[in-house]
Every structure is written in structure tokens, then in C-alpha cells.
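A look at the structure
One-letter residues, chain by chain:
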Amino acid sequence: VLMRGEEVQLSEHWAPTLEELAMLEEEADRAQARIRAQARCLSQQRLSRARCIQKMEADIVRRVQELVVRRKADLFEYWAEADISPRGTFIIPAKIWREGCEAVLDPSLPWVRLQDALGVVDVRGDVHYVKFLTRYRVAFDASYGVSTMGWEQSVWSKLMETLLKADLPLREALAALDSTSDGLVSPIEFARLIESCRLKITPMQGRALLRSLAVHPSASDADSKSDANDTGSAGRVSVWGMLERLTVTLPVASNSMMDAENAEWAVSKLRPLATAIVDDAWKRLVPAGSTHSEWPLPKVLAAWFEDVDRTGNGYLDEDEFLSALGAIAPALEKGGCPADPESLRRLARYCDIVGNGRINYFELLNGLTWEESLGDEFRQDLIETLHSAIYFSIGPMRSALRRFDHDQDGLVTPEDFVKALRAVHTALTASGEWDCNLGRSEIEEIAAHLPKTLSDHIDYEAFIRSFRIVDTQLLATPR
């Protein structure tokens, strides 16, 4: 070794033997293998931890979805009570959203983290709680070979027909809708209306109905400007807006005593009849300068109805109705509707759905708004209560149905299907666990309209498996 200013040093180095070199190389390989194994282990642990976290979050989200669907009416009422935004806006701060979720759903869940995972908060820190509530639904998966169209439509039509045939006088119906005379229908007032009409719908269906009416405003409500001071009324609906939404869902059903030919003739005359009556009301009864948003169709027809109700009993007797139509005979004839006494009598009897010789307010609306369409969203909100009742009772329903399934092949007769679901209804209602969304009449309608096998049995397993909770934001269609 040569170093400047130092003495020359001589060193000797003997290389390891080949055996020693092989041993050193083996030790190095083993060390590298241990390092790689440890790295793989740590990577797998991190991956497993990430999967567990992802699965845990997915499980929590699924739990939140189920809780939201189950307690949707309670959540809407909680947030609507705290909502100080203009009516129809449905905006609340994220803090109120979290408070509602904690109070109604589960206080133990991490709602701050969940609001980010669910993406419910906008850039302003607010939540559109109606969009959040309508995001999750119990849907019916038709891939199992079962269709909902028959029994859903039957249940819906039966509900609306019951409302029409309640046969309440005008003032009693309006008073039941708005007992405080503030122009808005509250949940309490709506519940009283259902009770007064003796409607065969469950309390949960009634709450769903009001929520849907508030969420999907009528055309006149949408066109009218909200009052700046009209806050804190998100859970309430305007009287005329409610009537405008409800009446267009009423079935156009002719009196059972009329034959098909007369019914077809009457339907063809409803448009000119409605036009003549509405024009007469606007000319004589609506203050000059009024707008259509101030006087929606139900309000106009209520004014006309009350004006021609000479006896003041809240109904239009056949003679009163004929007399009123006779007064606008020229307008009727101009529109293509015959105004001779016999033709007017045929129209009156067609509008008399109940068949008691008089016309109530809802029957008049049914006849004069017969071409309107409510839209799928309103029907789906109510039908969802039926889906939820089935989804959250799948366990008891399957157990009850299996008792009637002697061959254990997933098939039962329609009669046994009804018996099993009625037994579940009775047992859960008695224990307080039944949400009362699915009544006896709905069970019968479902059994009557479900598809049958060649042996006239119902595949109850396919029916039960067809219900699932979906996030409508992730689907092209929620069905």
C-alpha cells in the first residue's frame, strides 16, 4: 500500500475457499428470500387490511341503505321539521343531516365519514335530503321470472278507487285536508283525512303518500313562486296542489250499470264537458287578473262545484248537475258535446262512480281530469312501501311459507300463500315488529296477480329473491 509521506506497507489477502464462497452466497440468498417473503407478507397484510376496510365500509353502507329504506318516512319528517329553506327546496346543512341520521337511524355509526363515502354533501356543505331519500329503494328484480306489473297496478288502483268512493261532501273533505285553514296540509291533517275517508291504506303508506306529494309538486305549485318567508314547511303540501296531484290518479271507471257502449260514448264527451265547465268558472267565479298558478284546476272546480250546489249539502244531486250543465249548453255544443237532456243525464250518470244518484267533489274531478297522468315517481313511492314490507319480512315469510310447502320444492298454492303471509302479518303486528305496510287486501292482490306454474302453484322462493335494495344513482333504472 503506497501512501504519500508514509512507509510502504505490504498486506496479504487470502481469498475464501470455494466452499466458503458458496456458503456466503447461500446465506445472502436466504436473507434476500426472507426479505422478499416479509415484503410479500406485509403487502398481503396491507391488501387484506384494505379489503377488510372496504368490506366493512360496504357492509356499513348496506346497513345504512337498509336503515334509510326502513325509516324513510321518519327521516323525511325529522329533516322537514328542521328545514328552514324555502318550501320545495329541501336543503339542510350537513350537521342537520348527521343529527337526523344519528337520532333516527343509529348513533353509533361514523356519520362524518359516511357523508363523504355516500357523497351526500355539496360544495356549499349542504344536503338535498329528498335526493338522498329517493336514492335508495327496495326494487323488484324481474330476472327471477316474476313480474310486479299486475299486482302493483291492482293495489294502486284499489287505493285510488277507495279514495274516490269515500263519498265525502266538499266542505268536509277540504276541512279534513286543512283544518287550520293555512292553505297547507300537515302530516297530522293528512292522517285525519285518511281516517275520515276510511281509506284502506296503512299508516306507513299514508306517510309515504304525503312525502311523495311534498317531493313531487304539482304543476301549479312548481310554477308558483315561493314566498320568501315560507320556510319550515317542507313536510307540508298546499291544499290545491295535493288535490291536483291526487285527483289525476283516480281511475276513470264508469258506473257498473252503464254498458260499454254508453261508457265509451261518455268518455269521448269529457274533454268538451271539462272545457265548458272550467271556462264558465273562470268567467263567473274567478277574480279578474288571477293567474293559473293562483287558481289551479281543483280550486276552480271547487268554486264551480260550490256555486252550483244549490242545496249546500256538499254534493251535486243529478238535477243540480243537469241544471248547471243546461246553463252552459251553448258552450257544450260548441265544443262538440250534445246538450239535450238525455245526453246530459247520461254524462251525469257516468260521472256518478259511486252510483248513489249524486256526484261528490272527487267524482267531478275524476271526470274532468281524466286525461292527466301523475307520473311513475308518485306511484313508485307508494308501491315501495309494499316492497319494503316484504323485503324486511323475508325471514318470517320464508319460514311460514315452508310450513305449507310439503314437498319442499319452493311452491305453494295461492290459498296457502295468502294464509302464510296473513299469519306473518298477524304475528308481527301483535309483537309490534310489523311496520304495517302490507295489509290483508294487498296480500290477496299479490297472490291473485303473481304468475302460476302449470300446476297452479306460486314459486314463493323466486318471489322472495326478487326483492333487493338498490342505489338508483348507480343504475340506469331502479327496477
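The coordinates are above.
Residues numbered from 1 in each chain as written. Predicted model: local features only at pLDDT ≥ 70, side-chain atom pairs only at ≥ 80, totals over all residues. Heavy atoms only, no water.

In this structure the tally under the stated criterion is 17 salt bridges. Residues D471 and R135 are paired through a salt bridge, measuring 2.9 Å at the closest nitrogen-oxygen approach. Remark: R135 occurs in helix α5 (residues 129-135) and D471 occurs in strand β10 (residues 467-471); sequence separation between them is 336 residues. This pair shows no difference in class: D471 is buried, exactly as R135 is. Between E444 and R422 there is a salt bridge, with its nearest N and O atoms 2.1 Å apart. Of this pair, E444 sits in helix α22 (residues 440-449) while R422 sits in helix α21 (residues 414-431); the two residues are 22 residues apart in sequence, bridging distant segments of the chain. Judged by relative accessible area, E444 falls into the partly exposed class, the value being 36%. (Salt bridge = Lys/Arg side-chain N within 4 Å of Asp/Glu carboxyl O. Helix = DSSP H or I, 4+ residues; strand = E, 2+ residues; numbered from the N terminus. Buried < 20%, exposed > 50% of the residue type's maximum accessible area, 1.4 Å probe, protein only.)

α22 packs onto α21 with a crossing angle of 155° between their chain directions and a minimal axis gap of 10 Å. By the angle class used here, α21 and α22 are roughly antiparallel. For α21 against α22, the interelement crossing comes out right-handed. Where α21 approaches α22, its residues P414, F417, V418, L421, R422, H425 and T426 are matched on the opposing element by R440, I443, E444, I446 and A447. By residue class, the composition of the contact of α21 with α22 is seven nonpolar, two polar and three charged. (Axes fitted to C-alpha atoms, helices over the stretch in contact; angles between N-to-C directions. Parallel < 35°, antiparallel > 145°, perpendicular 65-115°, else oblique. Left-handed = near helix turned anticlockwise from the far one by under 90°. Contact = heavy atoms within 4.5 Å. Nonpolar A, V, L, I, M, F, W, Y, C, P; charged D, E, K, R; others polar.)

This brings us to the nonpolar core. Membership of the largest hydrophobic core comes to 104 residues, with the highest contact counts inside it found for W79, W97, W304 and F417. Sequence-distant contacts of W79, that is, excluding residues within four places in its chain, are made with I92, I96, W97, G100, C101, Y129, F132 and L133. (Core = buried A, V, L, I, M, F, W, Y, C linked by side-chain atoms within 4.5 Å.)

Let's shift gears to the pairing of β10. Every regular strand shows the same layout, with side chains that alternate between the two sheet faces. Burial within β10 is extensive, with four of its five residues counted as buried. As paired strands, strand β3 (residues 136-140) and β10 are joined by five bridges and run antiparallel to one another. Across the sheet, the residue bridging to V138 is I469, located in β10. (Pairing = 2+ DSSP bridges.)

What follows is about a nonpolar patch on the surface. There is a patch of nonpolar side chains on the surface, built from L18, L21 and L24 and spanning about 320 Å² of accessible area. On the basis of relative accessibility, which here comes to 40%, the residue L21 falls in the partly exposed class. (Patch = residues over 30% accessible without salt bridge, like charges linked within 9 Å, V, L, I, M, F, W, Y side chains within 5 Å. Areas by Shrake-Rupley, 256 points an atom, 1.4 Å probe, with all protein chains shown as cover.)

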